[in-house]
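# Coordinate analysis (summary)
Single-letter residue listing:
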Amino acid sequence: MTDRPRALAYSKFRPRYPRALFHYLATITNDNRSAWDVGTGNGQAAIGVAERWARVLATDPSEEMISHGIANPRVRYAVATYDSGLPDRSVALVTVAQALHWMDVTLLMREVRRAMVPGGVFAAWCYPRCRLSDPLDAVVEQFHRVTVGSYWPAERRMVDDGYRGIALPLDEFVPPPFDMVEDWTYEMFRQYVRTWSGVVRYVEARGEEALLTFEQALLEGWGNPAVRRQVRWPLHFRIGEVR
């Protein structure tokens, strides 16, 4: 999958973060004027932040991802890795949603310290494999862990660990539990699975045969493909004031 189709797939078939999460972030910060969403992809987190912050800078190193950013009058998209271009001490919140495992934490936190106001909050989160009802969950687990297991990037282990092994200079908070929840049809879920980095790498190396076999098994377990089934992703957090 080239960058353009991948960016389009991400914009259409990735789950949405719960609104309650952004309300919580607003309660633990002391300034809602400006925020920075790093590794924004298409802006899935940035548009949530924009519900509570007046201005949001959303950056991503991929020009294709940025070109498909979700439009929002409070969000400004820019292609960038760690150099945000923000004024010194100008943002009270920095978010990194499902992207910290791709980053050089030292370079990121250097820029965060420069751009963040005193007492500002850094919030990173990730989500591991989703959960469905049995027997669908067993079908997805087999495909995720066994079929494409060796094709996941090494960084994926940080996600599975909930980012707990990443050293961050934070005085950390313990947030309440949050889950992403979607009611998806078979087709919506099928397309989501095709955005997985492990699946993309597997197909590039070995073709689609195993993927098509999985999709058929998933359909047999799903039944009527138009039926919407609940898909749930638990969120794992590293949130705190930057030391």
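Now for a description of the structure that goes with this document. (Residues numbered from 1 in each chain as written. Predicted model: local features only at pLDDT ≥ 70, side-chain atom pairs only at ≥ 80, totals over all residues. Heavy atoms only, no water.)

## A few points about the packing of helix H6 (residues 136–147) against helix H10 (residues 209–222)
The N-to-C vectors of H6 and H10 enclose an angle of 165°; their axes lie 9 Å apart at closest approach. Taken together, the axis directions place H6 and H10 in an arrangement best described as roughly antiparallel. The handedness of the crossing between H6 and H10 comes out as left-handed. Facing H6, whose interface residues are Leu136, Val139, Val140, Phe143 and Thr147, H10 presents Ala210, Leu211, Phe214, Ala217, Leu218, Gly221 and Trp222. Classifying every residue of the contact of H6 with H10 gives ten nonpolar, two polar and no charged. (Axes fitted to C-alpha atoms, helices over the stretch in contact; angles between N-to-C directions. Helix = DSSP H or I, 4+ residues; strand = E, 2+ residues; numbered from the N terminus. Parallel < 35°, antiparallel > 145°, perpendicular 65-115°, else oblique. Left-handed = near helix turned anticlockwise from the far one by under 90°. Contact = heavy atoms within 4.5 Å. Nonpolar A, V, L, I, M, F, W, Y, C, P; charged D, E, K, R; others polar.)

## Digging into the environment of methionine 109
Secondary-structure assignment places methionine 109 in helix H5 (residues 105–115). Here methionine 109 falls in the buried class, since its relative accessible area comes to 2%. Taking the C-alpha atoms as reference points, methionine 109 and phenylalanine 122, 13 residues apart in sequence, are found 9.4 Å from one another. Filtering out sequence-adjacent residues up to four positions away, methionine 109 remains in contact with Phe122, Leu168, Pro169, Leu170 and Val242. (Buried < 20%, exposed > 50% of the residue type's maximum accessible area, 1.4 Å probe, protein only.)

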